[in-house]
Amino acid sequence: MTPINLSNQYDNDFIRMVEEQSEQKMNRCYQCGNCTAGCPMSFAYDIPVNQIMRLVQAGQKDTVLGCKSIWLCATCGACTTRCPNNVDVARVMDVLRQIARREGYAGVNGLKEFHDAFLESIQAHGRVFEPGLLAKFVAKTGKGLADFSLGPQILSKRKISLLPSNIQGKEEIAKIFKRFEKGAAA
Ligand code: SF4
Ligand code: SF4
């Protein structure tokens, strides 16, 4: 695990931003560790989720937004369910990703680009269109070509389609994105 950098200045604006956008009170967390104990992604995190909560309380913006964990979070909600203080931890993680994306932090090479390509696919089709996502990811990063050799196997098993299929009501999904973009710009 990477040593945590606590040398940054206490950033009160960062705490306020996280609290406002997540509608959570960070000082409710008393570091019981239940969220980390139930987190299925802990094995891959560079900072466990309870420590992320503590670092937000301590106003350590650069350390939090620069970590890998916020990008690896699967948004499963186990942390939220397990928190004895009703902190919606998964929502805090989501807000941290949004702030990191907006402010140009990227804890893992290519992850921000993958995240963007994923969201663009959902916005366009209401669901993930894998070949389109891969094409966008390669266009943004130049990476991913190594995995093209897996294409024939996946296609022969009919796991993915070469043509996008939109869900019913994809316009409603697109409206959610528009609302979010409007809110973020306000
Ligand atoms: S939402 Fe994220 S941080 Fe919370 S338990 Fe799931 S993977 Fe872990
Ligand atoms: S479960 Fe809740 S109170 Fe416990 S460490 Fe996680 S966020 Fe804090």
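Residues numbered from 1 in each chain as written. Chains lettered and ligands numbered in written order. Predicted model: local features only at pLDDT ≥ 70, side-chain atom pairs only at ≥ 80, totals over all residues.

Chemist: Quick one: what's the story with the site of ligand 2, residue by residue and with numbers?
Modeler: Around ligand 2, the surrounding shell holds 14 residues, and the nearest of these are Cys29, Cys32, Cys35, Asn50 and Cys83. Elements supplying a minimum of two residues to the shell around ligand 2: helix H2 (34–38) and helix H3 (49–57). Its residues assigned to classes, the shell around ligand 2 comprises eight nonpolar, five polar and one charged. (Near = placed C-beta within 6 Å. Helix = DSSP H or I, 4+ residues; strand = E, 2+ residues; numbered from the N terminus. Nonpolar A, V, L, I, M, F, W, Y, C, P; charged D, E, K, R; others polar.)

Chemist: Could you give an account of the domain arrangement of the chain, with specific residues and numbers?
Modeler: Here the chain is partitioned into domain 1 (12–102) and domain 2 (111–185). The centre of domain 1, based on its C-alpha atoms, is set 26 Å off from the matching centre of domain 2. (Domains from an automatic or database assignment.)

Chemist: Explain the site of ligand 1 to me, using residue names and the numbers behind them.
Modeler: The immediate surroundings of ligand 1 are formed by 15 residues, with Cys39, Cys73, Cys76, Cys79 and Ala90 found nearest. Listing elements by their share of the shell around ligand 1, those giving two or more residues are helix H6 (78–82) and helix H7 (89–102). Class assignment for the residues of the shell around ligand 1 results in 12 nonpolar, three polar and no charged.

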